[in-house]
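Coordinate analysis (summary)
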Amino acid sequence: MSGTVRLWRDPHAAISLAVASKSGQSVVVELSREYGRLSADDRVTVDQVLRSWLLSTDESERFIAVAVVDDNEVCSAIPALRELMDRLEVSDEPGAVYEWAKVNRVLGRLAVSCADGGG
C-alpha cells in the first residue's frame, strides 16, 4: 500500500489529520483519491477497513467511510450500510436521523450502480 496506509489502518490518524487541517473534507478527498489508486488486492483489505468504520460507534469514522464508499461505489459495503441504517433507525443520537438520510441516499445510489455492474 502507499504512504496513506496509516490513514487506512488507523482511523484516528485520519480523524486527527482532519482536525489538524480543520477540514474533514480534505481527508475524505485524499482517501477517496488514494482508494482509486489501490490495486485489486489492496482494495480487498481496505474494503474490510471501510466496512469496520461504517459500523463504528465513532461518528467521524462513519462519516469518512460513507463518503469514501459513496465516491468510489464500493459495492461490498452494501451489507454494512444496511446494518448502519438499522442501527441509526433506533439510535437516540441527535444527528442519527440526518446520518440515516445520508446513508439511505448512498445506499440507493450504490444499489443502482452495483446492479449495473459497477464498483
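This text follows the structure it describes.
Scope of this entry: the structure provided in the associated data block. (Residues numbered from 1 in each chain as written. Predicted model: local features only at pLDDT ≥ 70, side-chain atom pairs only at ≥ 80, totals over all residues. Heavy atoms only, no water.)

1. Quick word on the pattern of salt bridges
Under the defined criterion, the tally for this structure stands at 5 salt bridges. Between Glu93 and Arg62 there is a salt bridge, and its shortest N-O distance comes to 3.5 Å. Of this pair, Glu93 sits in the loop between helix H6 (78-90) and helix H7 (96-115) while Arg62 sits in helix H5 (residues 59-72), placing them 31 residues apart in sequence. Note that Arg109 is salt-bridged to Asp70, the shortest N-O span being 2.8 Å. Linking Arg109 in helix H7 with Asp70 in helix H5, this pair joins segments that are 39 residues apart in sequence. Exposure remark for Asp70: the relative accessible area of 23% places this residue in the partly exposed category. Several salt bridges converge on common partners, so that one network encompasses Arg62, Glu93 and Glu99. (Salt bridge = Lys/Arg side-chain N within 4 Å of Asp/Glu carboxyl O. Helix = DSSP H or I, 4+ residues; strand = E, 2+ residues; numbered from the N terminus. Buried < 20%, exposed > 50% of the residue type's maximum accessible area, 1.4 Å probe, protein only.)

Such coordinate-based values are descriptive only and should not be taken to indicate function.
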